[in-house]
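# Breakdown of the fold
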Amino acid sequence: MRSTVAVALAAVTVVGAGCTSHRADPGAFRPGAADAGDSYVPGRGNGGYDVSGYQLRVRYDPATDRLTGRATVTATATAALSRFNLDLIGLDVSRVTVSGAAARHRRDGGELVVTPPRGLPRGAGFTVEVDYAGVPTAVPDGELGNGGFLHTADGAIALGQPESAATWFPVNDHPSDKATYDIEVTVPDGLAALSNGVPGERTSAGGWTTWRWAERAPMASYLTTLVIGDYRVETGTHAGKPMITAVPANLPATGPEASSLARTGEIADFLASRFGPYPFDSYGGIAVTDSRIGYALETQSRPVYGPGFFRGGRPNPSVVAHELAHQWFGDSVSLARWQDIWLNEGFATYAEWLWAEHDGGRTAQRAFELRYAATDWSQPAVDPGRAAMFGDGVYQRGALAVHALRRTVGDETFFRLLEGWTGQRRGGIATTADFVAYAEQVAGRPLRPLLDAWLAGGVAPALP
Ligand SMILES: [Zn+2]
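Residue numbering note: each chain is counted from 1, following its sequence as written. Local features in this predicted model are restricted to residues of pLDDT 70 or higher, and side-chain atom pairs are both shown and tallied only at a pLDDT of 80 or more, whereas totals for entire chains, interfaces and linings draw on every residue. Excluded from the side-chain calculations are hydrogens and water; all other atoms, namely the structure's heavy atoms, are used.

So, about the overall build of the chain. For the chain, the count of helices and strands is 9 helices and 26 strands. Referenced to the eigenvectors of the C-alpha coordinate spread, the extents of the chain come out at roughly 65 × 60 × 40 Å. Contact between two residues is taken to exist if any of their heavy atoms lie within 4.5 Å; hydrogens are not considered. Contacts in the chain between residues at least 24 apart in sequence constitute 69% of all its contacts with a sequence separation of at least 6. Only the protein chains shown count as cover for residues, and the accessible areas themselves come from Shrake-Rupley with a 1.4 Å probe. Accessible surface, the chain as shown: approximately 17400 Å² in total, 50% of it carbon and sulfur. Taking the average place of the 40 positive charges on the side chains of the chain and the average place of its 48 negative ones, the gap between the two points comes to 3 Å. Helix and strand labels come from DSSP, where a helix needs a run of H or I of at least four residues and a strand needs a run of E of at least two; each type is numbered from the N terminus. For this count, His and the chain ends are skipped, Lys and Arg are scored as positive, and Asp and Glu as negative. One atom stands in for each charge, and that atom is NZ of Lys, CZ of Arg, CG of Asp or CD of Glu.

Glancing now at the sheet that holds strand 11 (residues 138–139). When DSSP locates at least two bridges between a pair of strands, those strands are taken to pair. Strand order in the open sheet formed by 5 strands is 11-12-13-19-15, with antiparallel pairing between adjacent strands. Each having just a single partner strand, strand 11 and strand 15 (192–194) make up the two edges of the open sheet. Relative to strand 13 (residues 156–159), strand 12 (residues 147–151) runs antiparallel, the two sharing 4 bridges. Looking at strand 13, one finds that Phe 149 is bridged to Ala 158.

With that out of the way, let us pick up the coordination of the zinc ion. Water is not part of the atom set, so a site may look incomplete; the donors themselves are N, O and S atoms within 2.8 Å of the metal, or 3.2 Å for Na, K and Ca. Within the protein, the atoms that donate to the zinc ion are Met 1 (N), Met 1 (O), His 322 (NE2), His 326 (NE2) and Glu 345 (OE), at distances of 2.0 to 2.5 Å. Between the donor residues of the zinc ion, the gaps in sequence give the motif M-x320-H-x3-H-x18-E. A residue pair is termed long-range when its members are at least 10 positions apart, and Met 1 in the segment before strand 1 (2–3) and His 326 in helix 3 (residues 317–328) qualify at 325 residues. Any residue under 20% of the maximum accessible area for its type is buried, any over 50% is exposed, and the rest in between are partly exposed; the area is computed with a 1.4 Å probe on protein chains only. For His 326, a relative accessible area of 0% puts it in the buried group.

Within the fold, Pro 317 resides in helix 3. Note on Pro 317: relative accessible area 14%, which makes it buried. Residues Pro 317 and Ala 296, 21 residues apart in the sequence, show an inter-C-alpha distance of 12 Å. Dropping the residues within four chain positions of it, Pro 317 is found in contact with Arg 263, Ile 267, Trp 355 and Asp 359.

A few words now on the pattern of salt bridges. Whenever Lys or Arg places a side-chain nitrogen within 4 Å of a carboxyl oxygen from Asp or Glu, that contact is recorded as a salt bridge. Taken as a whole and judged by the stated rule, the model has 19 salt bridges. Glu 266 is the partner of Arg 263 in a salt bridge, and the nearest nitrogen-oxygen pair spans 3.0 Å. Using a relative accessible area of 23% as the deciding quantity, one classes Arg 263 as partly exposed. As a salt-bridge pair, Asp 434 and Arg 425 come within 3.5 Å of each other at their nearest N and O atoms. Its relative accessible area of 25% is what places Asp 434 among the partly exposed residues. Residues participating in the shared-partner salt-bridge network are Arg 70, Arg 95, Glu 129 and Asp 131.

Okay, the sheet that holds strand 5 (residues 81–87) next. Strand order in the open sheet formed by 4 strands is 2-5-9-8, and the pairing between neighbours is mixed. Two strands in the sheet have a free side with no partner beyond their single neighbour: strand 2 (30–31) and strand 8 (104–108). Of the strand pairs in this sheet, strand 2 and strand 5 are connected by 2 bridges, and their pairing is parallel. Paired with Arg 30 across the bridge in strand 5 is Leu 81.

Its location among the elements puts Asn 344 in helix 4 (residues 342–358). Asn 344 sits in the buried class, given a relative accessible area of 0%. Within polar-contact distance, the side chain of Asn 344 engages the side chain of Tyr 222 at 3.4 Å. Every residue in contact with Asn 344, bar those within four places of it in the chain, is listed here: Tyr 222, His 326, Phe 329, Gly 330, Val 333 and Leu 335. Nitrogen and oxygen atoms within 3.5 Å of one another constitute a polar contact, given that in protein one can donate a hydrogen and the other can accept it, and given that sequence-neighbouring residues count only through two side-chain atoms.

Before going further, it helps to examine the packing of aromatic side chains. Each pair of aromatic rings is reported with the distance of its centres and the angle of its planes. Any Phe, Tyr or Trp ring, taking Trp's six-membered ring, that has another such ring centre within 6.5 Å forms a pair; planes under 30 degrees apart are called stacked, those over 60 apart edge-to-face, and the others tilted. Under the criterion given, the structure shown has 30 aromatic pairs. Summarising the aromatic geometry, the rings of Tyr 54 and Phe 169 are spaced 5.7 Å apart at their centres and angled 70° between planes, so their arrangement reads as edge-to-face. Of the two residues, Tyr 54 is situated in strand 3 (residues 49–61) and Phe 169 in the loop between strand 13 and strand 14 (179–188); the sequence distance between them amounts to 115 residues. Residue Tyr 54 shares its accessibility class with Phe 169, and that shared class is buried. A ring pair is formed by Phe 329 and Phe 347, whose centres lie 4.2 Å apart and whose planes are at 5°; its orientation type is stacked. Taken as a pair, Phe 329 in the loop between helix 3 and strand 25 (334–335) and Phe 347 in helix 4 lie far apart in primary sequence, 18 residues in all.

As defined here, a cavity is a set of points on a 1 Å grid over the protein atoms alone where a 1.4 Å probe fits but cannot get out. A pocket is an open set with protein on both sides within 12 Å along at least five of seven lines, and residues line them when an atom is within 4 Å of a point. Grid points are joined across faces, edges and corners, and a volume is the space filled by probe spheres set on the points. Counted by the stated rule, this structure contains 1 cavity of 30 Å³ or more. In this model, the largest cavity occupies a volume close to 50 Å³. In terms of lining, the largest cavity is formed by Phe 329, Gly 330, Val 333, Ser 334, Leu 335, Leu 343, Asn 344, Trp 421 and Ala 430. The set of elements that each furnish at least two residues to the lining of the largest cavity consists of strand 25 and helix 4. Residues are grouped as follows: Ala, Val, Leu, Ile, Met, Phe, Trp, Tyr, Cys and Pro are nonpolar; Asp, Glu, Lys and Arg are charged; all remaining types, including Gly, are polar. When its residues are assigned to classes, the lining of the largest cavity shows 6 nonpolar, 3 polar and no charged.

At a minimum axis separation of 7 Å, helix 4 and helix 6 (residues 392–409) run at an interaxial angle of 70°. The angle between the axes of helix 4 and helix 6 places the two elements in the roughly perpendicular class. Relative to helix 6, the crossing made by helix 4 is right-handed. Counted together, Trp 342, Glu 345, Gly 346, Phe 347, Thr 349, Tyr 350, Trp 353 and Leu 354 of helix 4 and Val 394, Tyr 395, Gln 396, Gly 398, Ala 399, Leu 400, Val 402, His 403 and Arg 406 of helix 6 form the full contact between these two elements. Helix axes are fitted to C-alpha atoms over the stretch in contact, other axes to C-alpha atoms as well, and angles between N-to-C directions run from 0 to 180 degrees. For classification purposes, an angle smaller than 35 degrees is called roughly parallel, one larger than 145 roughly antiparallel, one from 65 to 115 roughly perpendicular, and anything else oblique. By convention, the crossing between two helices is left-handed when the near helix turns anticlockwise from the far helix through less than a right angle, and right-handed when the turn is clockwise.

Put simply, Gln 161 and Pro 162 share a cis peptide bond, and its omega is 5°. Positive phi outside glycine occurs at Asp 65, with the angle close to 65°.

On to the pairing of strand 4 (residues 66–77), then. With 12 bridges joining them, strand 3 and strand 4 adopt antiparallel strand pairing. Looking at strand 4, one finds that Arg 59 is bridged to Thr 68. Relative to strand 10 (residues 125–134), strand 4 runs antiparallel, the two being bridged by 10 bridges. In the strand pairing of strand 10, Thr 74 is matched with Thr 127.

So, to be careful, I would describe these as geometric facts and stop short of saying anything about function.
Here it is in structure tokens:
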């Protein structure tokens, strides 16, 4: 994510992650945990199972703001389950089946609690089918104000970090449980329905058009998006893969939004030369004009850009570089827990520095020096607290730490390390400790004291 506004940093309270495991008779069926044990997002995510795929079929009518959906969730029990939870905010559930058998279900706040007719043994594969409908809602305390499902003048936008997915489908809503997605969205003829991944067949019947999207690489739930409205959609290919960009139809075809998105392939290629092969089967980007979207978000393979980045009337390749860098750092290699968000934002901010240098602007070294002089070292990059997870400590100190690492190990080792990291962890999740251990392995020397000082120390570290 990148914000167009300064984020106020509140006092930081660090709370340890809650323990959600149980020591119990291994043969007993027990309820799955109601959250992922991540103190940054209490209640989000669930325990006891691992999702491999979501098949979503939704229909949305902007005239009534009503969404109807059927979600098919394919999962494996990681514990013997008597019941389990999915996250779902608002919306009414009419029917739930587990592997074809009707299941009891009830709601508990943002949870859908499902009790299958028989317990699910540990290791068992199962599918959950949920029929649901209603008027989707925004997430009231979304970071930067506006996450979740927003009804717009001509359609809707489902977007937001760290949570948004549960406002439009039942989900294990935590990045530690990534899955593939097949998404079908039916909207009135004439409107576009954009989402993640490779486009499929588009069909129309009875005044409605169904758009199909498939994301075959594992995707964290907050990286899903749905953008419905009157858009000018450009479909092409780049490096042999589909490239889909979209800007609102009422914006000029040569405006700053369209010209920025038109550089997506060029910028992705530059980043691939630094970070390793582009990790997904499609490219793209979506510009939106709704002023409630005060940020850009790295939704997988197709980032969404809010209007604030283009107010100057000039193209903004910097924000494109930031969101595309997240395709490696955040999307392909995802967070195991939100306290390590500098692994996303530090590298995405550093990518802005790399791009500026490549594009004839200031060098990464100069950006480092300027930022070093301006940094408040009381704000840590690692475990900054929920209130500061989108603060300068995460973004700027994260980028400073990345450049300090580069200065310390040298360019050859540094870029080999980045490419190795994104290759080895492709499609998976990681923690700060994982990154430090990998960096030490590749560099063949201790780096933890250096990274600790740059990421979390309370005073300015010595320049490397
Ligand atoms: Zn970001």
